[in-house]
Structure formats: C-alpha cells, structure tokens
Amino acid sequence: MTAPFANTAHATGVLAGTLIENTATATYQSGSTTGSVTSNKVTVKVDELLDVAVATLSTAPATANSEPAVLIYSVTNSGNGPEAFNLAADPKISGNGFDGTIKSVVLDSNSNGIYDPGVDTVLTAGALATPVLSPDKSVKVFVLVDLPAGATDAQTSQVRLTATSQTGSGTPGTSFAGKGEGGGDAVVGLTTASANSLAALVASLANITLTKSATILDPFGTAKPVPGAVVTYSLAAKVTGSGTLDGLHVVDTIPDGTTYVPGSLKLDASALTDGADGDAGVGSSSGIDVTLGKITGGTTRTVAFSVKIN
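Residues numbered from 1 in each chain as written. Predicted model: local features only at pLDDT ≥ 70, side-chain atom pairs only at ≥ 80, totals over all residues. Heavy atoms only, no water.

Visitor: Honestly, the pattern of salt bridges in this entry has me stumped. Any pointers?
Guide: Opposite charge on two side chains permits them to pair, given that their charged atoms come into close proximity. In the structure shown here, the tally under the stated rule is 3 salt bridges. We note a salt bridge from aspartate 268 to arginine 301, for which the minimum N-O separation is 2.4 Å. With a gap of 33 residues between them, aspartate 268 in the loop between strand E21 (266–267) and strand E22 (270–271) and arginine 301 in strand E25 (residues 299–309) connect regions that are remote in the sequence. Given a relative accessible area of 22%, arginine 301 falls into the partly exposed group. (Salt bridge = Lys/Arg side-chain N within 4 Å of Asp/Glu carboxyl O. Helix = DSSP H or I, 4+ residues; strand = E, 2+ residues; numbered from the N terminus. Buried < 20%, exposed > 50% of the residue type's maximum accessible area, 1.4 Å probe, protein only.)

Right, dumping it as structure tokens:
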C-alpha cells in the first residue's frame, strides 16, 4: 500500500482550506495472474490554525517630551490562514516610573517603518485592528504616547501592545466550528491566538532656574545706591535636564524710582539694540524682553541691562 506525500509545508504549515487527497493501491498475484485495485479517495480539508506573534522594533527607549513618544511594534500572522487581529495598547505596567497616555494607534500605511503624520492610518476607537493578514505577513504598528503631568526627566515607562485573533482565542486546541478559511474549523494554536510585547519610553524634559543679581556703580566710583548710581541687573537662565525648552523669553520691568539706560541691554555679554528689529532683545523705559527661543538642557544664557537711580 502506498500514499503520496508531495506537499511541502510552509513556515505556517499547509494553508487553511487546502484539500489533502489520498488514495491507496493494492497489488496482488493470483495463480499466474497479477493485478491491482485502487481504494476510494479520502479528502481532508486543512483547518485554520490561529496564531500570532508581536515583537517590539524599538531598539532603545523612545523619547517623550513636548511631542509624544513613538513606539514601534510588528504584528505577524503566524497561523496558516488569512486573519485580522484586534489591537490593545496598555500603558499601565508594573514597575513604570510613570504611566503614559495613549494618544493614538497607527498602522504603517507605506511600510517604511517610520511614523509619517498625515500619511499613516490612525485607527479609531472601537476599530483598533490590523487589516486581514495573509499567513506569515506582518504589519508595523505605531503607538503614540503622551507624557502625563508629573513625569520627571529620565523617568522610564513601558507600553504593552496585544494582538488577538478576531476569529477567537483561548486555550490551545479550542475550536470554532465553521469559522476557518474555506469553511473548515478554526483552531487556536500554541500562542493562544493572542500575543503581546513591551516597548519602552523615557521622559526627556528640561527645567529652568532664573537667578537675578545686581551690581552698583555710584557717581563716586563706589557701590552706594544713591541717586545717580547705575544698577546693572544680571539674569542667568540655567536650563537643566535631557530635554529642551521652547519659546523661552526673559522679561523684566524697570523698577520704580529708576530710569532705563538706553543701549545697556546685553545677551551673553553681546550688545543688543533696544528696538524691535532683527536681534533677540527689546529694551525701553517700561522694561526688557529677550527671546532665547529653544534651549537644550545643560545651557545657561545671561541677560543684562542697566538702570539709573533717579
């Protein structure tokens, strides 16, 4: 008795819905006569195996600051039939320094592995799912995470992305009658038809301290705060942390009983003009305003100006 085994298994096994057909042959001899007979054909339709794999593609913690962190995952259909998978992102993981806020879950529409705002598909609440994936096919998923209030610089956190078969999940071997590809059953594989992976993010924030000091030069060459003495104020803006501050301004008013000294405004010892022109500062009888813009942690900028005691 012989049976042909010509099919070669794919990485996911024989595709769901495939018909495996088999007949047997018996040969015999009766006296001087030889002959053969063929059995009936037995057909087995391969059931769909429900399996999935989720992997984190971010090789280092993603940075979260004023912009959300972008975490990258891969969801792979490791079953043997076409299947879509429901997605769930969970930021509440034991051991987190902070629990981020999920801003959005996004599919990598152009398959370039880079989050492209306005190009990639943002999934809506109630419809967080992959498209139908063929066996062995993957899709990249971006999870965008905002920092919560109270997070501090260099704190770390993790977010878990879970993918679950839309047909069903559960204990391996659980069967869903007639739910498989081609009308066969769908059977839960060893992954329980649900898998997850953790990706990390780190808070990158900056803080600022503003220290004000004053020096006095009176008309007699000493440091007495008498009428006619010039007071020079120095404002040191020290930025610390691993992040950046955006839109930083240093502003001060001219104290009562004094008069602004025109042309005295400086930034890091470089003179600024008083008018609203191309440089960073404005100085007038009411006060000064110096635009520092975007400042990274580990930087100190110093603004100075002078007034005369009336």
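Back to the write-up after that little detour.
Visitor: Would you mind showing me how to read unusual backbone geometry here?
Guide: Peptide bonds are mostly trans, and most non-glycine residues show a negative phi. Phi at threonine 192 takes a positive value of approximately 70 degrees, unusual for a residue other than glycine. Positionally, threonine 192 belongs in the loop between strand E15 (186–188) and strand E16 (194–203). A relative accessible area of 29% places threonine 192 in the partly exposed class.

Visitor: Looking at this structure, I do not really get the packing of aromatic side chains. What am I missing?
Guide: Given two aromatic rings, one states the distance between the centres and the angle between the planes to describe the pair. A complete count under the given rule lists 2 aromatic pairs for this structure. Ring centres of tyrosine 233 and phenylalanine 305 lie 5.5 Å apart, and the angle between their planes is 40 degrees; this geometry places the pair in the tilted category. Placement of tyrosine 233 in strand E18 (residues 230–241) and of phenylalanine 305 in strand E25 is noted, with a sequence separation of 72 residues between them. Take tyrosine 233 and phenylalanine 305: they sit in the same class, and that class is buried. Of note, lysine 212 hangs over the ring of tyrosine 233, and the distance from its end group to the ring centre comes to 4.5 Å. (Phe/Tyr/Trp six-rings, centres within 6.5 Å; stacked < 30°, edge-to-face > 60°. Lys NZ or Arg CZ within 6 Å of the ring centre and 35° of its normal.)

Visitor: Can you help me understand the pairing of E16 in this one?
Guide: Both faces of the sheet carry side chains from a regular strand, because those side chains alternate between them. Relative to E16, strand E7 (residues 62–64) runs parallel, the two being bridged by 3 bridges. Bridge assignment links alanine 64 to a residue of E16, and that residue is alanine 203. By the bridge criterion, 9 bridges tie strand E13 (residues 156–165) to E16 in an arrangement that is antiparallel. Among the inter-strand pairings, leucine 161 is bridged to a residue of E16, identified as serine 197. (Pairing = 2+ DSSP bridges.)

Visitor: In this structure, what is going on with the sheet that holds strand E8 (residues 69–77)? I would like to understand it.
Guide: One open sheet accounts for 5 strands, arranged E6-E8-E12-E10-E11; its pairing is antiparallel. Of all strands in the sheet, those bounded by a partner on one side alone are strand E6 (52–56) and strand E11 (121–123). Strand-to-strand twist in this sheet, taken as the mean axis angle between neighbours without regard to direction, amounts to 30 degrees. Both strand E10 (residues 101–107) and strand E12 (residues 138–146) contribute to a ladder of 6 bridges, which runs antiparallel. When the sheet's bridge partners are listed, leucine 107 is paired in E12 with valine 141. (Axes fitted to C-alpha atoms, helices over the stretch in contact; angles between N-to-C directions.)

Visitor: Where do I start with the nonpolar core in this structure?
Guide: Within soluble globular proteins, side chains that are nonpolar generally end up buried alongside one another. If you look at the biggest cluster of nonpolar residues, it comprises 28 residues, and the most contacted ones within it are Leu71, Val75, Leu87, Val141, Val143 and Leu201. Among the secondary structure elements, those contributing two or more residues to this core are E6, E7, E8, strand E9 (85–90), E10, E12, E13 and E16. By size, the runner-up hydrophobic cluster in this structure holds 23 residues, among which are Ala229, Leu235, Leu267 and Leu292. (Core = buried A, V, L, I, M, F, W, Y, C linked by side-chain atoms within 4.5 Å.)

Visitor: Where do I start with the side chain of asparagine 80 in this structure?
Guide: Tracing the chain through its elements places asparagine 80 in the loop between E8 and E9. Accessibility expressed as a relative area gives 5% for asparagine 80, which makes it buried. In this structure the side chain of asparagine 80 is engaged in a polar contact, spanning 2.8 Å, whose partner is the backbone oxygen of valine 14. (Polar contact = N/O pair within 3.5 Å; in protein donor to acceptor, adjacent residues only side chain to side chain.)

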